[in-house]
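The lines below spell out each chain.
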Amino acid sequence: RRDGSQITILSSISVVKNEKREKVGYIVINKDISDRKRTENVSQFKAEISRILASSLDYKKTLKNVVKIVVPEIADWCTVDIIADNKLESLAFLHKNKRKTAKAAQIRRKYPTPLAGSEGIARVMKTGKPVFYPKITDQLFQVLTVNSEHRDLLSELGFASLIIVPITIRRTIIGGILLAKGAPGRFDSEDLEMAQQLSFHASLAIENAQLYRMVEQEHVRLERLVSDVPGVVWEAWGKPDDNLQQINFVSKYVEILLGYSVEDWLSFPNFWLSLVHPEDKKRAAQETRAIFDSKEPGISRFRWVRKDGKAIWVEAQAAPILNKKGLPVGMRGVTMDITERMNLENKKNEF
């Protein structure tokens, strides 16, 4: 168009024939389908971004893959920055010109992006709102750069049109995504919309990765905590006397106590009952089922047979796991070795 913007046209061509059925011309009907094409582009972009960001919990790696879609499809170059130690750390950067990608890294080292200021990334960090500069004026260029050398270097990269969108996690701004075009290119509202979609999905991917890391750290912490307990910490799903009951978790102390591996416990249904001494099996099953049905914590004592054939007395302190309807669906608890205590009690009874 005359104003420099672009539109998408769908052309329909019809052949014009005379009375002799001879081709004498064509009728061309052009229809502006820019809105429809824009919607299709945004949908495709969102789908591709979602696919890439969901492909791995390594968000740094996926963000590098994301900028490969942005460049050169939307922007001439793109950078993703995260706040670390009160300064911006570049997680991903790509220029459509490989030589300029390396040069941009040098520029960023020499002129780190400042968090102070009234425009650019500083404005995004303060407001949490995107900034859209369809055309970088000389006055704005002065504000966004440090000195003439900085301006010359950015001009070489291409700095005629700019979009910066925030990366936000739980209402906290943690970084930003910058998209730039060089002359004579210019961003439009469609580009801004896709940049905002990129920001949304990038924020979600980083948050998911952080939450996963927190869960993993908590899991490790609990594993260490449980490993210090001088007893078998366990969790099982299903009825305790049912052949289909499955152990969901058992602490490694079980290997010390009984000699069977954690994998044995997790692999075979109702494994705990298979190790109960034959004389105690029926009673242990009934007592544990009674605790399950009561929906209240309880205690059961019985003998387990170790892998080496030795029998030991244990005390299982268990509590039912209830679903949302208040029905028991499993049990969890701690089983302790009480062999010495039982031996002392037996000696007292002999006297």
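Here is a short report on the structure shown in this document. Quick caveat: nothing in here was measured; it's all calculated off a predicted structure.

### What about the packing of aromatic side chains?
For the coordinates displayed, the defined rule picks out nine aromatic pairs. Centroid distance W272 to F302: 5.7 Å. Interplanar angle 55°. Geometry classified as tilted. Within this pair, whereas W272 is found in helix α10 (residues 271–274), its partner F302 is found in strand β10 (residues 298–305), the two being separated by 30 residues in sequence. Since its relative accessible area comes to 8%, W272 is described here as buried. Counting every residue linked through ring pairs, the aromatic cluster contains Y260, W265, F268, F271, W272, F302 and W304.

### Notes on the pairing of strand β11 (residues 311–322)
Bridge count for β10 against β11 is eight bridges, and the pairing is antiparallel. Opposite W304, over in β11, you have I312 as the bridge partner. Between β10 and the antiparallel strand that follows it, β11, lie five residues; G309 among them carries a positive phi value of about 95°. For β11 and strand β12 (residues 328–337), the ladder comprises nine bridges, and the chain directions are antiparallel. Its bridge partner being in β12, Q317 is matched across the sheet by V334. Once β11 ends, the chain turns through five residues before running back antiparallel as β12, passing G326 with a positive phi of about 80°.

### Quick word on the side chain of T101
If you trace the backbone, T101 turns up in helix α3 (residues 98–110). Looking at T101, the relative accessible area reads 19%, which means it is buried. Within the structure, T101 has its side chain in polar contact with the backbone nitrogen of H95 (distance 2.9 Å). When near neighbours in sequence (up to four residues on either side) are disregarded, T101 contacts F93, L94 and H95.

Cut-offs and rules
- Residues numbered from 1 in each chain as written.
- Predicted model: local features only at pLDDT ≥ 70, side-chain atom pairs only at ≥ 80, totals over all residues.
- Heavy atoms only, no water.
- Phe/Tyr/Trp six-rings, centres within 6.5 Å; stacked < 30°, edge-to-face > 60°.
- Helix = DSSP H or I, 4+ residues; strand = E, 2+ residues; numbered from the N terminus.
- Buried < 20%, exposed > 50% of the residue type's maximum accessible area, 1.4 Å probe, protein only.
- Pairing = 2+ DSSP bridges.
- Polar contact = N/O pair within 3.5 Å; in protein donor to acceptor, adjacent residues only side chain to side chain.
- Contact = heavy atoms within 4.5 Å.

Note that every value here comes from positions in space, so none of it alone points to a role or purpose.
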